[in-house]
Amino acid sequence: MDSVDVLVVGAGPAGSTAAYHLARAGYDVRVLEEHPQVGRPVQCAGLVSQRVLDLAGSRGSVRRPVHGAAVFGPSGGSIEFRAPEARAYAIDRAALDLELADRAVRAGARFDAQVRFDRRQDERDGRVLIEATQDGSTRREYAARLVIGADGVASAVARAFRLRRPVEILPAFEAEFGRSPGDPDRVEVYLSRTFAPGLFGWWIPDGAGGARVGVAVNADGTSARRYYERMLEFLSRRFGAPLLNPTSYLASGIPIGNVPRTSGDRVLLVGDAAAQVKPLSGGGIFTGMRCAEIAAGVGIDALRAGDLSALRLAEYDRAWRSEFGEEFGRALALRRIFTRMSDADFDRLVETLRSSELLGTIVAFGDIDFPTHVVRRLLGSSPSLVRLVPKALGAWLRPRSEYQVPDLA
Ligand SMILES: Cc1cc2nc3c(=O)[nH]c(=O)nc-3n(C[C@H](O)[C@H](O)[C@H](O)COP(=O)(O)OP(=O)(O)OC[C@H]3O[C@@H](n4cnc5c(N)ncnc54)[C@H](O)[C@@H]3O)c2cc1C
């Protein structure tokens, strides 16, 4: 049995970030990763903000900065925003994961690859015992003072520690194309109930002449791949040519919602395992890394104090929610409206946003990590936009209103 201070399950951006900070503080940290290679398979469109690069302490994964975005309505009408400065970065996601793992290793963390967390057993001598499987067959055991569940959307750690996760999981399907038509300096977002009910479709330049094209949708019985195929037909019309020869496919899920508890006795959940994902975009790299940093801080204090009780670790829930709770709450409420909008509503939305005054507001205040800030400004300055959303939410989203969860029943 391997005995460690902290066992981190999952070597994605959240797990490696937590491991780095804990190892740097002098703790004995072990990271379990079920795949043979960190960063593979890639399950991401690779679009991040400057904040991710800051948290990573490196720009090594950047393939190209992106200055613009276009949002298309179902009938093909669009709005375009372009800022003088880079608003996002197309990254090599596998390279980011490797960089983060490498940083954690240099700080002293150890990675066990091809080891899958299976279950926890009872506690013994102030440590929780964990059962894992190496290479699909060999049983491994670990004893840890603290476990960090960074094992993604289907978190086995959340289940093992009975942290309920009543979140919505949006099926997603994406393909990579080595070559693609389209403007490599902007991302494209497609709103449509026909091929992306529930979230949206995307075309994101990969910074190397190709693109990542995908959809995330409601779990309504139709496969995400089927929706993706419908979107490809739309894209063929949009680009005037079919997108050909995909180099890879990925199918995964995006957790959206509010997990009531992300901490318990000797356990913290971070990243997708805790559904720390932006509800309006499904992006989770920034939020997961930042929450992992917060988790490491709370973990370090608790390890020092020798108190890893649920009561003590609940500080983590308070801390990350004080940073993201309001944004996530507003975004979830907006999402409830968004999912009820028809194709005609989407076309009207695009048409309304076309007014140059509103476009200026979006360019000036748009922030991919905190999108509700600009939505509130827009609703505060545009009566025609407010008319598109239910009254209760329109009032609640306007600037300077008190933060409270609206009753949309
Ligand atoms: C199609 C798609 C596109 C996306 N595009 C973007 C984007 O452009 N920008 C953005 O910010 N976000 C994007 N996201 C979301 C983003 O990928 C996730 O939010 C992010 O990867 C979460 O990081 P994480 O470290 O929490 O989990 P993950 O990156 O999922 O890492 C979890 C790790 O745990 C490992 N693991 C799982 N179970 C076990 C186990 N039992 N034992 C051991 N190891 C285990 C997995 O192998 C994996 O390596 C996208 C998601 C999808 C599905």
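The structure under discussion appears in the preceding block.
Residues numbered from 1 in each chain as written. Predicted model: local features only at pLDDT ≥ 70, side-chain atom pairs only at ≥ 80, totals over all residues. Heavy atoms only, no water.

Peer 1: Looking at this structure, how should I read the overall build of the chain?
Peer 2: When you go through the chain residue by residue, the secondary structure sums to 12 helices and 18 strands. At 22 Å, the chain has a C-alpha radius of gyration in line with the 22 Å of a compact globule built from 409 residues. Projected onto the principal axes, the alpha-carbon positions of the chain cover approximately 65 × 50 × 40 Å. Residue burial in the chain is summarised as follows: out of 409 residues, 54% are buried. Here the analysis covers contacts within the chain between residues at least 6 apart in sequence; of these, 69% occur between residues at least 24 apart. Accessible area of the chain: about 17,200 Å², with a carbon and sulfur share of 49%. Charge separation in the chain, taken as the distance between the mean sites of 54 positive and 50 negative side-chain charges, equals 3 Å. (Helix = DSSP H or I, 4+ residues; strand = E, 2+ residues; numbered from the N terminus. Rg over C-alpha atoms; globule rule 2.2 N^0.38 Å. Buried < 20%, exposed > 50% of the residue type's maximum accessible area, 1.4 Å probe, protein only. Contact = heavy atoms within 4.5 Å. Areas by Shrake-Rupley, 256 points an atom, 1.4 Å probe, with all protein chains shown as cover. Lys, Arg positive; Asp, Glu negative; His and termini not counted. Charge placed at Lys NZ, Arg CZ, Asp CG, Glu CD.)

Peer 1: Can you help me understand empty space enclosed by the protein in this one?
Peer 2: If a probe as big as a water molecule is rolled over the atoms, it shows which places are left empty. Tallied over the full model, the rule gives one cavity of 30 Å³ or more. The calculated volume of the largest cavity comes to roughly 40 Å³. Lining the largest cavity are S192, R193, A196, P197, G198, L199, F338, T339 and F346. Its residues assigned to classes, the lining of the largest cavity shows five nonpolar, three polar and one charged. A domain split of the lining of the largest cavity shows at least three residues from each of domain 2 (64-88 + 168-255) and domain 3 (338-397). (1 Å grid on protein atoms, 1.4 Å probe; cavity = no way out; pocket = protein on both sides within 12 Å on 5 of 7 lines; lining within 4 Å. Points joined across faces, edges and corners; volume = space filled by probe spheres on them. Nonpolar A, V, L, I, M, F, W, Y, C, P; charged D, E, K, R; others polar. Domains from an automatic or database assignment.)

Peer 1: What is the right way to look at the pattern of salt bridges in this model?
Peer 2: Using the criterion set out here, one finds 36 salt bridges in the structure. Between R186 and E188 there is a salt bridge whose closest N-O contact spans 2.9 Å. An identical accessibility class is assigned to R186 and E188; each is buried. Of the charged contacts in the structure, one is a salt bridge between R290 and E293, with a shortest N-O distance of 2.5 Å. Of this pair, R290 and E293 are both found in helix α6 (residues 285-305), three residues apart, which corresponds to roughly one turn of the helix. Here the residues in one salt-bridge network are R64, E80, R82, D183, D185, R186, E188 and R238, joined through shared partners. (Salt bridge = Lys/Arg side-chain N within 4 Å of Asp/Glu carboxyl O.)

Peer 1: Looking at this model, I keep getting lost on unusual backbone geometry. Mind explaining?
Peer 2: A cis amide bond links R40 with the next residue in sequence, P41, at an omega value of -5 degrees. With respect to the element layout, P41 can be found in the loop between β2 (29-33) and β3 (47-48). Notably, R162 is not glycine yet its phi reads approximately 55 degrees, a positive angle. In this structure, R162 sits in the loop between α4 (156-160) and β12 (168-177). Using a relative accessible area of 66% as the deciding quantity, one classes R162 as exposed.

Peer 1: I'm lost on the sheet that holds strand β4 (residues 62-66) in this one. Help?
Peer 2: Picture the strands of a sheet paired through backbone hydrogen bonds; they go either parallel or antiparallel. The three strands are arranged β3-β7-β4 in an open sheet whose pairing can be described as antiparallel. Of all strands in the sheet, those with a lone pairing partner are β3 and β4, marking the two edges. With two bridges joining them, β3 and strand β7 (residues 88-91) adopt antiparallel strand pairing. Directly across from V48, in β7, lies its bridge partner Y89. (Pairing = 2+ DSSP bridges.)

Peer 1: Help me understand the site of the ligand, please; the structure alone is not making it clear to me.
Peer 2: The ligand sits among 33 residues. The nearest are E33, H35, A45, L47 and D272. With respect to the ligand, the side chain of R93 contributes an N or O atom lying 2.9 Å from an oxygen atom. In the model, an oxygen atom of the ligand is placed 3.1 Å from a nitrogen or oxygen of the I285 main chain. In isolation the ligand offers 1,000 Å² of accessible surface; the protein chains occlude 88% of this area. (Near = heavy atom within 4 Å. Polar contact = N/O pair within 3.5 Å; in protein donor to acceptor, adjacent residues only side chain to side chain.)

Peer 1: Hey, could you run me through the packing of aromatic side chains in this one?
Peer 2: Enumeration over the complete set of coordinates arrives at 13 aromatic pairs. A centroid spacing of 6.2 Å and a plane angle of 70 degrees characterise the contact between F286 and F370, whose relative ring orientation is edge-to-face. One end of the pair, F286, is in helix α6; the other, F370, is in the loop between α9 (356-365) and α10 (371-381), and 84 residues separate them in sequence. Neither residue differs from the other here; F286 and F370 are each classed as buried. With centroids separated by 6.0 Å and ring planes inclined at 10 degrees, the aromatic side chains of F324 and F370 adopt a geometry described as stacked. Of this pair, F324 sits in helix α7 (residues 310-338) while F370 sits in the loop between α9 and α10; the two residues are 46 residues apart in sequence, bridging distant segments of the chain. F370 matches F324 in its accessibility class, with the two residues each being buried. (Phe/Tyr/Trp six-rings, centres within 6.5 Å; stacked < 30°, edge-to-face > 60°.)

Peer 1: I would appreciate a short explanation of the nonpolar core in the present structure.
Peer 2: Judged by nonpolar contacts, the single largest core of 51 residues is most densely connected at V6, V8, L22, V29, I148, V270 and Y316. No other element matches the 12 residues that α6 contributes to this core. If sequence neighbours within four positions are ignored, Y316 has contacts with T262, S263, L268, L269, V270, Q276, C291, I294, A295 and V298. (Core = buried A, V, L, I, M, F, W, Y, C linked by side-chain atoms within 4.5 Å.)

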